[in-house]
Amino acid sequence: MQNTEAQLDRIERHVVEACDRIEIRNLLNSYLFAFHSADIRRILDCFALEDPNTSVEFGRGCLKGKAELTEFYNERVAAGQIHGSFVEHGEGATIVEIAKDRKTARVAAISFGYKMLPPAESEAWDIGRYYFELLRTEEGWKIWHLQWILVAEGDTCYGWLAQNIAYQKEEDYPSMDETVKAEVRLHPSDCFVDYYKPDEINHYLPEPPKAYEAWDGYAVTRDTRGY
């Protein structure tokens with residue numbers, strides 16, 4: 001009888017973990033589809049907005065809390081409505097690590113994407129990595145912390161070795177200044193952010209999250225080889 005109960009307990013744990021992983025994958029995919037289709041309601045529904053520490057980082061700083069995230073994504077949607085504007089960041093090679101206490105989870109993924117802003121003559125390939133920290137709420141799994149770390153941005157006109165030329169074009173495009181204002185309110189970020197350098201050894205971070213018992217701090221700067 002004891003052996004049977006142990007087997008049932010083990011099966012139950014596996015079923016719970018499998019359900020968590022399916023829900024997490026659906027959450028991340030829902031966020032990406034909502035982001036690419038500029039569906040602000042579905043974007044914000046993916047986040048644990050009731051937690052004041054919920055945050056988003058896209059390389060240059062951190063936005064935190066419901067009000068800042070709502071303003072930021074509203075402006076991203078507005079930027080996507082500029083004629084010819086198109087941005088898509090995919091996600092693959094995804095690693096999900098759920099805490100033993102099932103309260104949080106960590107996710108790392110490789111991201112390949114592209115963006116276009118024809119009025120600014122900007123066309124670029126983007127390579128980066130996603131890093132998520134997730135929170136299990138009464139409504140299910142939600143995004144707690146999100147970071148998209150840029151590895152390389154190559155202007156299609158100049159190739160990979162000429163970094164960020166496309167971004168500089170966008171910065172000089174007047175409509176971008178009028179549409180996207182949230183970045184001036186970015187808080188400093190202590191997360192690892194780096195860019196491709198043609199004359200150095202490059203570090204493709206973050207690495208996949210390690211197994212952990214319970215949340216003990218934002219792990220994106222710690223779960224790496226460090227070099």
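Located above this text is the structure these notes cover.
Residues numbered from 1 in each chain as written. Predicted model: local features only at pLDDT ≥ 70, side-chain atom pairs only at ≥ 80, totals over all residues. Heavy atoms only, no water.

K.L.:
Sorry if this is basic, but what is going on with the overall build of the protein chain here?
P.N.:
Assigned secondary structure in the protein chain consists of 5 helices and 7 strands. Counting only residues that meet the buried cut, the protein chain has 43% of its 227 residues in that class. Taking contacts inside the protein chain between residues at least 6 apart in sequence as the whole, the part at least 24 apart equals 64%. Summing over all exposed atoms, the protein chain offers an accessible surface of approximately 12500 Å²; the carbon and sulfur share of this is 54%. (Helix = DSSP H or I, 4+ residues; strand = E, 2+ residues; numbered from the N terminus. Buried < 20%, exposed > 50% of the residue type's maximum accessible area, 1.4 Å probe, protein only. Contact = heavy atoms within 4.5 Å. Areas by Shrake-Rupley, 256 points an atom, 1.4 Å probe, with all protein chains shown as cover.)

K.L.:
What should I look at first to understand the pattern of salt bridges in this one?
P.N.:
A pair can form between side chains of opposite charge whenever their charged atoms are brought close. Per the counting criterion, the structure on display carries 8 salt bridges. Here Asp 20 makes a salt bridge to Arg 102, at a shortest N to O gap of 2.7 Å. On the criterion of sequence distance, the pair formed by Asp 20 in helix H1 (residues 2-36) and Arg 102 in the loop between strand E4 (92-98) and strand E5 (104-117) is long-range, its members being 82 residues apart. Arg 102 sits in the partly exposed class, given a relative accessible area of 29%. Asp 39 serves as the salt-bridge partner of Arg 42, at 3.8 Å between the closest nitrogen and oxygen. Exposure remark for Asp 39: the relative accessible area of 24% places this residue in the partly exposed category. (Salt bridge = Lys/Arg side-chain N within 4 Å of Asp/Glu carboxyl O.)

K.L.:
Which parts of the structure should I look at to understand the layout of surface pockets?
P.N.:
Considering only enclosed or pocket space, the second largest pocket measures out at about 290 Å³ in volume. Contributing to the lining of the second largest pocket are Arg 10, Arg 13, His 14, Val 16, Glu 17, Asp 20, Arg 21, Glu 97, Ile 98, Ala 99, Lys 100 and Arg 102. Contributing elements (two or more residues each) for the lining of the second largest pocket: H1 and E4. Per-element tally for the lining of the second largest pocket: the top contributor is H1, with 7 residues. Classifying every residue of the lining of the second largest pocket by side-chain character gives 3 nonpolar, 1 polar and 8 charged. (1 Å grid on protein atoms, 1.4 Å probe; cavity = no way out; pocket = protein on both sides within 12 Å on 5 of 7 lines; lining within 4 Å. Points joined across faces, edges and corners; volume = space filled by probe spheres on them. Nonpolar A, V, L, I, M, F, W, Y, C, P; charged D, E, K, R; others polar.)

K.L.:
What am I meant to see in the nonpolar core here?
P.N.:
Here is a general trend for soluble globular proteins: nonpolar side chains tend to be buried in one another's company. Judged by nonpolar contacts, the single largest core of 30 residues is most densely connected at Ile 24, Tyr 31, Phe 47, Tyr 73, Leu 134 and Ile 143. Only H1, helix H2 (40-45), helix H3 (66-80), E4, E5, strand E6 (122-137) and strand E7 (140-155) provide two or more residues apiece to this core. Tallying contributions element by element places H1 first for this core, with 7 residues. Those residues within four positions of Ile 24 in sequence are excluded, and the remaining contacts are Val 96, Ile 98, Ala 105, Val 107, Leu 134 and Trp 141. (Core = buried A, V, L, I, M, F, W, Y, C linked by side-chain atoms within 4.5 Å.)

K.L.:
So what exactly am I meant to see when it comes to the side chain of Glu 97 here?
P.N.:
Mapping Glu 97 onto the fold places it in strand E4. One buried charged residue, Glu 97, forms no salt bridge at all, with the nearest opposite charge on Lys 100 at 4.8 Å. Setting aside anything within four residues of it in sequence, one finds Glu 97 in contact with Ala 105, Arg 106, Pro 209, Lys 210, Ala 211 and Tyr 212. (Lys, Arg positive; Asp, Glu negative; His and termini not counted.)

K.L.:
Even after reading the chapter, I still don't get a nonpolar patch on the surface, so can you show me in this structure?
P.N.:
Judged by side-chain polarity, Leu 8, Ile 11 and Val 15 come together as a nonpolar surface patch covering roughly 280 Å² of accessible area. Residue position: Ile 11 is located in helix H1. (Patch = residues over 30% accessible without salt bridge, like charges linked within 9 Å, V, L, I, M, F, W, Y side chains within 5 Å.)

K.L.:
Sorry if this is basic, but what is going on with H3 here?
P.N.:
Along an α-helix, residues three or four apart share an orientation, since each turn contains 3.6 residues. Spanning 15 residues, H3 covers 21 Å between terminal C-alpha atoms, matching the ideal 21 Å at 1.5 Å per step. Leu 69, Phe 72, Tyr 73, Glu 75, Val 77 and Ala 79 are the residues of H3 that are buried. (Expected span 1.5 Å × (residues − 1).)

K.L.:
Even after reading the chapter, I still don't get the packing of aromatic side chains, so can you show me in this structure?
P.N.:
The way to describe two aromatic rings as a pair is by their centre distance and the angle between their planes. Taken as a whole, this structure holds 10 aromatic pairs when the rule is applied. A centroid spacing of 5.1 Å and a plane angle of 75° characterise the contact between Phe 72 and Tyr 73, whose relative ring orientation is edge-to-face. Aromatic side chains Trp 144 and Trp 215 sit 4.8 Å apart centroid to centroid with 50° between the ring planes, which places their arrangement in the tilted category. Placement of Trp 144 in strand E7 and of Trp 215 in the segment after helix H5 (174-179) is noted, with a sequence separation of 71 residues between them. Here Trp 144 falls in the buried class, since its relative accessible area comes to 10%. (Phe/Tyr/Trp six-rings, centres within 6.5 Å; stacked < 30°, edge-to-face > 60°.)

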